[in-house]
Protein chains: 2
Amino acid sequence: MPEVLSAEARKVLQDEVTTLGNEIRVLKEQKTSPDLVKEKVAKMLELKKKLGEEQKPGKFVIKCPKGTRDYGPKEMAVREAVFGTIIESFKRHGAETIDTPVFELRDVLLSKYGEEGGKLVYNLEDQGGELLSMRYDLTVPFARYLAMNKISNIKRYHIAKVYRRDQPVMTRGRYREFYQCDFDIAGEYEKMLPEAECLKIVDEVLNKLDVGNFYIKVNHRVILDAMMSVSGVPKQQFKTVCSSIDKLDKEPWEKVEKELIDEKGLTKEVTQQLRRFVLFREEATDLDDIQTLDKMMEIEALRTNADFKKGTEELKVLFNFLSLYGVTSARFEPSLARGLDYYTGVIYEAVVEPSEEVRKTIAEGAAKENQDSGEASIEGQGLPTGVGSVAAGGRYDELVKGFSGKKDSVPCCGVSFGIERLFAIREAQLKCKDVPMRTVATEVYVASAQKNLLEERMKLCRSLWDSGVRTEMAYKRNPKLLDQIQNCEAKQIPLMLIVGERELQEGVVKLRYIKTREEQDIPLATLVESIREALLKA
Amino acid sequence: MPEVLSAEARKVLQDEVTTLGNEIRVLKEQKTSPDLVKEKVAKMLELKKKLGEEQKPGKFVIKCPKGTRDYGPKEMAVREAVFGTIIESFKRHGAETIDTPVFELRDVLLSKYGEEGGKLVYNLEDQGGELLSMRYDLTVPFARYLAMNKISNIKRYHIAKVYRRDQPVMTRGRYREFYQCDFDIAGEYEKMLPEAECLKIVDEVLNKLDVGNFYIKVNHRVILDAMMSVSGVPKQQFKTVCSSIDKLDKEPWEKVEKELIDEKGLTKEVTQQLRRFVLFREEATDLDDIQTLDKMMEIEALRTNADFKKGTEELKVLFNFLSLYGVTSARFEPSLARGLDYYTGVIYEAVVEPSEEVRKTIAEGAAKENQDSGEASIEGQGLPTGVGSVAAGGRYDELVKGFSGKKDSVPCCGVSFGIERLFAIREAQLKCKDVPMRTVATEVYVASAQKNLLEERMKLCRSLWDSGVRTEMAYKRNPKLLDQIQNCEAKQIPLMLIVGERELQEGVVKLRYIKTREEQDIPLATLVESIREALLKA
């Protein structure tokens with residue numbers, strides 16, 4: 001057996017690791033001494049290994065990895081209800097479902113997520129064999145699946161966990177492991193028809209989930225390009241300017257403009273032009289979507305831009321389709337600029353504005369969670385001002401081609417629900433309403449009023465299980481009746497069967513309705529039928 | 001932009017990597033030059049990195065990581081049906097559900113899986129921060145969850161993926177990423193009652209899934225200990241002898257005995273004693289479980305062994321409970337010796353014997369899959385002789401204590417379904433019966449008989465969606481009627497609505513029952529009601 005480190009020795013090692021970590025961070029920021037960084041990292045890994053090897057079982061901290069969490073039965077009940085609503089909507093629109101591995105060949109992922117995404121990808125250790133990384137989203141694996149299986153049209157949904165080695169902010173529902181619910185339509189189809197259906201689904205789901213007021217911002221990639229081009233932004237800066245504009249939902253124009261000038265090097269003249277376009281709707285609040293697009297068309301520089309014309313025509317078709325589908329929550333928003341590289345057409349993002357009460361409850365819960373886990377709120381503010389984006393997506397026509405290498409592209413369009421935020425809202429709503437959450441589906445609890453009736457309870461359970469009735473009983477030989485009733489009430493099980501010796505002799509068993517506390521004897525001979533009837537009433 | 005390697009240069013690098021890999025393997029086997037191994041590994045990683053960095057997007061191989069696979073819509077339909085059956089059984093027995101992160105702190109996992117399991121664990125790269133590994137099963141995360149949240153009783157199920165960096169053998173359904181479906185009962189309860197319910201669930205699920213003949217082998221950890229002790233196996237060798245005995249379901253006694261003598265160093269005298277016990281039922285085939293246990297008790301050495309007495313008494317209680325629950329598939333099997341360290345009481349394993357036709361279909365499918373993926377069958381035989389174990393579990397009373405470090409243990413008992421094998425059997429059964437698999441839930445397909453009716457189709461879809469009817473239509477502006485009918489038939493959608501100009505003028509739409517090809521006009525005013533009625537008939 002290896003020698004065990006003393007607590008002091010451990011402390012010394014741990015302090016050394018912390019110091020090294022800080023030094024490495026500073027060096028990395030300076031970007032001047034890559035070799036020194038390497039050396040210090042190697043040293044740190046060695047110390048960490050030493051610490052790890054020396055740890056006695058049962059002595060280490062028991063916790064979930066940073067940025068992840070367990071779901072207990074109550075959270076799972078909320079999660080399953082939210083998933084149920086979303087899946088029903090996907091199925092209502094004829095979607096199939098697929099699943100892909102949680103990790104992919106590293107090359108497959110890194111070729112698509114770009115530098116920004118690449119930094120946030122979890123890599124698996126090289127243990128001999130292929131180099132693997134955990135998926136960052138479900139879209140790139142979907143494109144890989146289409147290319148690999150030469151599928152050129154499919155309407156599919158995929159609900160699974162994705163991984164981002166991001167700075168977690170629990171108060172904003174930002175985790176390192178979280179679920180995505182994706183719906184995508186791949187295929188060469190009538191323009192704007194798949195987009196309209198994606199938005200119809202977002203509208204359906206958010207209405208059914210009843211998460212508060214919401215609206216869907218809609219923009220077009222080529223309209224963004226046109227606005228930047230016309231404003232005089234150099235083409236190679238479109239992407240970085242986009243990521244500044246994307247902050248407009250959280251920050252005022254002045255701050256974004258400062259960033260554009262100070263960090264991105266735009267001139268005041270260019271940002272002023274840009275402002276006129278991206279904040280167009282702030283000036284023209286009385287216009288509807290089509291009118292706004294028409295009004296922008298009156299601007300000479302935009303009217304004569306082929307991109308702008310194309311984007312505008314497509315959005316007009318889309319808004320017409322949306323009105324046929326009864327979607328009133330969508331709204332043209334020229335400031336929407338989603339970050340990901342792969343979008344080529346319409347883009348959209350749904351924003352929820354939960355009630356003040358719900359917001360407060362989320363903030364309180366998150367603050368408590370952070371406190372419990374010993375994590376400070378990263379952004380130094382603790383309370384979220386809003387929940388923000390709960391669904392987003394758009395058209396990406398070139399992604400599959402990037403994998404298949406073929407001439408023909410597989411045009412795709414989809415939407416992804418940010419499910420952790422929807423869970424957070426639902427949980428807070430239920431908490432506000434003080435609705436007790438059912439975590440089991442049990443219909444009947446089999447109890448006994450006297451001792452020595454274990455076998456009788458078992459026989460009753462067997463009859464009910466074999467007839468498909470959801471049944472449980474206490475696992476003790478002689479449980480107290482009061483305990484059994486309390487257990488049954490706590491789990492909100494609607495019916496209780498109480499076995500007693502007198503009743504057994506008479507060939508009956510006592511049925512108790514938990515809510516009304518009403519009781520009646522039912523004959524054992526017709527047990528299952530009586531229970532079925534009682535369940536309809538209970 | 002970095003210079004791109006020529007194909008020849010890549011080839012040279014790749015060959016070098018292969019050569020290094022072989023050298024490392026040899027060196028590792030020799031165990032003589034750890035430093036040289038380190039050096040060569042570092043060199044190999046460097047080359048691999050070079051290869052990775054130099055790869056052009058779209059040029060690399062598009063595949064799933066070794067030992068993993070995608071699930072397409074058809075496989076998902078089978079998977080969801082199997083999950084549905086299992087979840088319904090778990091819920092019928094009053095279980096709640098939980099979820100935990102896919103990776104855990106490395107220390108948490110490695111402290112419990114032991115050396116054997118540790119080798120098969122996927123580690124995440126140290127990217128600064130905690131050292132993480134992917135979970136190997138759902139039991140250790142469950143124990144961690146209980147200890148961390150100080151939960152002393154719960155009945156929960158957990159369905160999720162687990163990861164083993166094992167040599168994959170697709171023909172035997174052995175993957176590196178696969179689902180486990182676990183049901184566990186934690187709590188201090190009446191002896192054998194939780195075990196009996198776990199076995200009841202196995203019996204229910206395998207009956208409902210209709211996967212062919214099956215039986216459940218049952219043994220007891222302390223009975224195994226007693227048999228080894230009485231035979232003269234030294235205590236420190238119990239574990240390694242167990243893992244040899246565990247092979248008896250695949251190999252004849254002679255081979256196992258040879259291993260015990262040649263590799264484990266037992267004497268012929270000891271193995272002969274052992275044989276008498278573990279193969280006891282081969283000699284006494286006419287006895288039932290209780291009789292077998294009684295018969296073994298007649299052996300002086302066993303009768304006077306406290307472990308054997310305790311184990312036998314518990315198993316007798318269990319078999320009595322099982323008969324009350326109507327479980328006839330369980331069978332005492334003294335040769336069952338499950339590998340994992342953490343079992344402390346009753347252990348069990350369910351074995352399925354699918355029909356010859358189903359076995360053949362699985363073997364053919366697996367052989368084809370291996371061929372497609374370019375992988376040779378590892379075991380050099382290709383065809384599986386049987387599907388083997390599909391569910392297994394037992395009692396593990398000390399695992400949670402190992403985490404909580406408390407004096408009081410949280411006794412647990414559970415069962416895990418080996419779901420990939422159940423999928424394989426169901427898929428093969430459906431293939432044999434030639435049952436077409438439905439991958440969508442769509443109820444109505446909205447079609448048009450003439451051109452220029454896109455908007456009319458959209459309006460009909462909207463009405464149906466808004467009423468909760470699962471509906472789809474073609475995404476083309478002017479699809480051909482024949483294409484629409486074929487699409488509808490291929491997806492096995494029961495009803496079709498056909499919009500035509502004449503019908504619209506008359507305020508009706510044509511309803512077609514796909515199966516019978518019967519058609520009738522239904523009024524638009526009562527569209528949804530008519531569809532609901534038609535669905536009942538279709």
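Residues numbered from 1 in each chain as written. Chains lettered and ligands numbered in written order. Predicted model: local features only at pLDDT ≥ 70, side-chain atom pairs only at ≥ 80, totals over all residues. Heavy atoms only, no water.

Asks: Residues and numbers for the overall build of chain A, please.
Replies: Of the regular secondary structure elements, chain A holds 21 helices and 15 strands. Contacts in chain A between residues at least 24 apart in sequence constitute 71% of all its contacts with a sequence separation of at least 6. Surface accessibility of chain A: about 24500 Å² in total, with carbon and sulfur atoms responsible for 49%. Computed over 85 positive and 89 negative side-chain charges, the separation of the two mean positions in chain A equals 2 Å. (Helix = DSSP H or I, 4+ residues; strand = E, 2+ residues; numbered from the N terminus. Contact = heavy atoms within 4.5 Å. Areas by Shrake-Rupley, 256 points an atom, 1.4 Å probe, with all protein chains shown as cover. Lys, Arg positive; Asp, Glu negative; His and termini not counted. Charge placed at Lys NZ, Arg CZ, Asp CG, Glu CD.)

Asks: Which residues make up the relation of the copies chain B and chain A, and what are the values?
Replies: Between the two copies, chain B and chain A, the superposition gives an RMSD of 0.1 Å; the rotation angle is 180° and the shift along the axis is 0.0 Å. Here the two chains are linked by the operation of a two-fold rotation axis. Interface residue correspondence from chain B to chain A reaches 100%, placing this contact among same-surface, isologous pairings. (Least-squares fit on C-alpha atoms with pLDDT ≥ 70 in both.)

Asks: Just give me the short version of the UniProt feature "binding site: L-histidine" (unreviewed entry) in chain A, but keep the residues and values in it.
Replies: Residues and elements named next belong to chain A. The sites that carry the UniProt feature "binding site: L-histidine" (unreviewed entry) are, in the present numbering, Asp-137, Leu-138, Thr-139, Arg-164, Gln-180, Asp-184, Arg-338, Tyr-342 and Tyr-343. Along the chain, Arg-338 turns up in the loop between strand S7 (330–332) and strand S8 (346–353). What Arg-338 contacts, discounting residues up to four positions off in sequence, is Asp-246, Tyr-343, Ile-347, Tyr-348, Glu-349, Ala-392 and Gly-393. In this view, Tyr-343 contacts Arg-221, Arg-338, Gly-393, Gly-394, Arg-395 and Tyr-396; residues no more than four positions away in its chain are not counted. (UniProt positions renumbered as here; feature names shortened; annotations may be inferred.)

Asks: Any details on the interface of chain B and chain A? Residues and values, ideally.
Replies: Contacts between the two partners involve 103 residues from chain B, matched on the other side by 103 residues from chain A. Roughly 9200 Å² of surface becomes buried between chain B and chain A when both sides are summed, with 57% attributable to carbon and sulfur atoms. If you look at where chain B meets chain A, you find 46 residue pairs in polar contact (both at pLDDT 80 or more). Of the residues belonging to the side of chain B that touches chain A, the class tally is 44 nonpolar, 23 polar and 36 charged. (Buried area = accessible area lost by both parts, 1.4 Å probe. Polar contact = N/O pair within 3.5 Å; in protein donor to acceptor, adjacent residues only side chain to side chain. Nonpolar A, V, L, I, M, F, W, Y, C, P; charged D, E, K, R; others polar.)

Asks: Explain the sheet that holds strand S4 (residues 154–163) of chain A residue by residue, including any values.
Replies: Residue and element names in this part refer to chain A. Read from one edge of the open sheet, 8 strands run S1-S4-S5-S10-S9-S8-S6-S7, paired in mixed fashion. Of all the strands in the sheet, the pair left with one neighbour each is strand S1 (96–97) and S7. For S1 and S4, the ladder comprises 2 bridges, and the chain directions are parallel. Note that in S4 the partner of Glu-96 across the bridge is Arg-156. Packing of helix H5 (residues 139–148) onto the sheet brings it into contact with S4, strand S5 (177–186) and strand S10 (412–418), and relative to S5 it is tilted by some 45°. (Pairing = 2+ DSSP bridges. Axes fitted to C-alpha atoms, helices over the stretch in contact; angles between N-to-C directions.)

Asks: Which residues make up the packing of aromatic side chains, and what values go with them?
Replies: Scanning the entire structure with this criterion turns up 24 aromatic pairs over all chains. When the centroid spacing of 5.1 Å and the interplanar angle of 65° are considered together, the rings of A:Tyr325 and B:Trp465 count as edge-to-face. Within this pair, whereas A:Tyr325 is found in the loop between helix H14 (306–324) and S7, its partner B:Trp465 is found in helix H18 (residues 454–466), the two belonging to separate chains. Accessibility expressed as a relative area gives 3% for B:Trp465, which makes it buried. Aromatic pair B:Tyr342 and B:Tyr396: ring centres 5.7 Å apart, planes at 55°, arrangement tilted. Of the two residues, B:Tyr342 sits in the loop between strand S7 (330–332) and strand S8 (346–353) while B:Tyr396 sits in the loop between strand S9 (388–395) and helix H16 (399–404), which places them 54 residues apart along the sequence. With a relative accessible area of 9%, B:Tyr342 lands in the buried category. If you follow A:Arg79 out to its NZ or CZ, it ends over the ring of A:Tyr71, 4.6 Å from the centre. Stacked on the ring of A:Tyr136, the Lys or Arg A:Arg164 has its end atom at 4.0 Å from the ring centre. (Phe/Tyr/Trp six-rings, centres within 6.5 Å; stacked < 30°, edge-to-face > 60°. Buried < 20%, exposed > 50% of the residue type's maximum accessible area, 1.4 Å probe, protein only. Lys NZ or Arg CZ within 6 Å of the ring centre and 35° of its normal.)

Asks: Residues and numbers for the state of the cysteines, please.
Replies: Scanning all chains against the criterion turns up 0 disulfides over all chains. No disulfide involves A:Cys181; its sulfur sits 14 Å from the nearest other cysteine sulfur, which is in A:Cys198. (Disulfide = S-S within 2.5 Å.)

Asks: Quick rundown of the packing of helix H18 (residues 454–466) of chain A against helix H6 (residues 193–209) of chain B? Include the residues and the values.
Replies: Relative to each other, H18(A) and H6(B) sit at 20°, their axes nearing to 13 Å. Classified by the angle their axes make, H18(A) and H6(B) are roughly parallel. The handedness of the crossing between H18(A) and H6(B) comes out as right-handed. Contacts between H18(A) and H6(B) involve A:Leu454, A:Met458, A:Arg462, A:Trp465 and A:Asp466 from the former and B:Leu193, B:Glu197, B:Lys200 and B:Glu204 from the latter. (Parallel < 35°, antiparallel > 145°, perpendicular 65-115°, else oblique. Left-handed = near helix turned anticlockwise from the far one by under 90°.)

Asks: Describe the pairing of S10(A), and please don't skip the residues or the numbers.
Replies: Residues and elements named next belong to chain A. For S10, the tally of buried residues reaches 6 of 7 residues, placing the bulk of the element in the interior. Pairing of strand S9 (residues 388–395) with S10, which is carried by 5 bridges, proceeds in the antiparallel orientation. Residue Gly-394 lies in a different strand from S10, and its bridge partner there is Gly-414.

Asks: Give a detailed account of the side chain of B:Thr312, specifying residues and quantitative values.
Replies: Relative to the assigned elements, B:Thr312 resides in helix H14 (residues 306–324). For B:Thr312, the residues in contact, after removing those within four places along its chain, are B:Ile223, B:Leu293 and B:Met297.

Asks: Just give me the short version of helix H7 (residues 221–231) of chain A, but keep the residues and values in it.
Replies: Residues and elements named next belong to chain A. In terms of burial, H7 is a largely internal element, 8 of the 11 residues being buried. Among all positions of H7, only Val-222, Ile-223, Leu-224, Asp-225, Ala-226, Met-227, Met-228 and Ser-231 are buried. Positive backbone phi, at 95°, marks Gly-232, one or two positions downstream of H7.

Asks: Summarise the sheet that holds strand S13 (residues 495–499) of chain B; cite the residues concerned and give the values.
Replies: Residue and element names in this part refer to chain B. What the 5 strands build is an open sheet, ordered S12-S11-S13-S14-S15; its pairing is mixed. Each of the sheet's edge strands pairs with one partner strand only, and the pair in question is strand S12 (471–473) and strand S15 (519–523). Direction aside, the axes of adjacent strands within the sheet are offset by 30° on average. Where S13 and strand S14 (residues 508–513) come together, 4 bridges link them in antiparallel fashion. Bridged to Leu-497 within S14 is Leu-511.

Asks: An account of H18(A) is requested, with residue identities and associated values reported.
Replies: All names here are of chain A. Taking 1.5 Å of rise per residue, 13 residues should cover 18 Å, and H18 covers 18 Å from first to last C-alpha, within 8% of that figure. Every buried residue of H18 is accounted for by Leu-454, Arg-457, Met-458, Leu-460, Cys-461, Leu-464 and Trp-465. The buried residues of H18 occupy one face: seen down the axis, they fall within an arc of 165°. Where H18 ends, the next residue or the one after it, Gly-468, has phi of about 85°, a positive value. (Expected span 1.5 Å × (residues − 1). Arc of directions from axis to C-beta.)

Asks: Talk me through the pattern of salt bridges; I want residue IDs and the actual numbers.
Replies: Across all of its chains, the model carries 83 salt bridges over all chains by this definition. Salt-bridge contacts for A:Asp521 lead to A:Arg502; the nearest nitrogen and oxygen are separated by 3.7 Å. Separated by 19 residues along the polypeptide, A:Asp521 in strand S15 (residues 519–523) and A:Arg502 in helix H20 (residues 501–506) bring together distant segments of the chain. As a salt-bridge pair, B:Arg462 and B:Asp466 come within 3.1 Å of each other at their nearest N and O atoms. Of this pair, B:Arg462 and B:Asp466 both sit in helix H18, 4 residues apart, which is roughly one turn of the helix. The class of B:Asp466 is partly exposed, set by a relative accessible area of 42%. Among the charged side chains, a network of salt bridges with common partners joins A:Arg502, A:Glu503, A:Glu506, A:Lys510, A:Arg512, A:Glu519 and A:Asp521. (Salt bridge = Lys/Arg side-chain N within 4 Å of Asp/Glu carboxyl O.)

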